[in-house]
Amino acid sequence: MLVKTPPAHLAGEETALMEFIEGKHCQPRKKPPLPTSAGLFGKPTAINNLETVLQCRYALKVGAEAYRALGTPQAPEP
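Keep in mind that this is a model prediction, so the values were computed, not measured. (Residues numbered from 1 in each chain as written. Predicted model: local features only at pLDDT ≥ 70, side-chain atom pairs only at ≥ 80, totals over all residues. Heavy atoms only, no water.)

**Q** Any details on unusual backbone geometry? Residues and values, ideally.
**A** Among all residues save glycine, negative phi is the norm, and among peptide bonds the norm is trans. With an omega of 0°, the peptide bond between K31 and P32 qualifies as cis. Note the cis peptide between P32 and P33, where omega equals 5°. Here P33 lies in the loop between α1 (14–21) and α2 (50–62). With a phi angle near 55°, F41 is a residue other than glycine that sits in the positive phi range. (Helix = DSSP H or I, 4+ residues; strand = E, 2+ residues; numbered from the N terminus.)

This is the structure in structure tokens:
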């Protein structure tokens with residue numbers, strides 16, 4: 001399932017994504033339990049932020065040095 005979330009940094013956190021999918025405000029849940037124990041609708045859940053997955057693919061494609069060059073000295077990854 002793909003779900004489009006609001007364009008906010010917080011919306012990328014896995015438990016905030018689950019809250020949003022459940023129709024709640026996009027805020028992180030307190031842990032524990034971890035999503036793999038009690039996630040979406042209280043069921044075990046594996047959830048990933050697609051933007052993160054795509055950034056990983058890009059970093060592997062261009063290489064670590066080129067990817068780090070996109071950031072700043074204080075935060076080398078974009």
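There's plenty left to go through after this.
**Q** Explain the layout of surface pockets to me, using residue names and the numbers behind them.
**A** If you add up the space inside the largest pocket, you get close to 660 Å³. T5, L17, N48, N49 and L50 are, among the 23 residues lining the largest pocket, the residues nearest its centre. Listed by contribution, the elements that provide at least two residues to the lining of the largest pocket are α1 and α2. Counted by class, the lining of the largest pocket contains 13 nonpolar, seven polar and three charged residues. (1 Å grid on protein atoms, 1.4 Å probe; cavity = no way out; pocket = protein on both sides within 12 Å on 5 of 7 lines; lining within 4 Å. Points joined across faces, edges and corners; volume = space filled by probe spheres on them. Nonpolar A, V, L, I, M, F, W, Y, C, P; charged D, E, K, R; others polar.)

**Q** Explain a nonpolar patch on the surface to me, using residue names and the numbers behind them.
**A** Side chains of L2, L50, V53 and L54 sit close together on the surface and give an oily, nonpolar patch of about 410 Å² of accessible area. Note that L54 resides in helix α2. (Patch = residues over 30% accessible without salt bridge, like charges linked within 9 Å, V, L, I, M, F, W, Y side chains within 5 Å. Areas by Shrake-Rupley, 256 points an atom, 1.4 Å probe, with all protein chains shown as cover. Salt bridge = Lys/Arg side-chain N within 4 Å of Asp/Glu carboxyl O.)

**Q** For the side chain of T15, give the residues involved together with the corresponding values.
**A** For T15, the position within the fold is in helix α1. Residues within four places of T15 in sequence aside, it is in contact with Q27, P28, R29, K31 and P35. (Contact = heavy atoms within 4.5 Å.)

**Q** So what about the environment of H25? Which residues, and what values?
**A** Tracing the sequence through the fold places H25 in the loop between α1 and α2. According to the relative accessible area criterion, H25 is exposed, its value standing at 61%. The spatial distance from the C-alpha of H25 to the C-alpha of A11 is 9.8 Å, given a sequence separation of 14 residues. (Buried < 20%, exposed > 50% of the residue type's maximum accessible area, 1.4 Å probe, protein only.)

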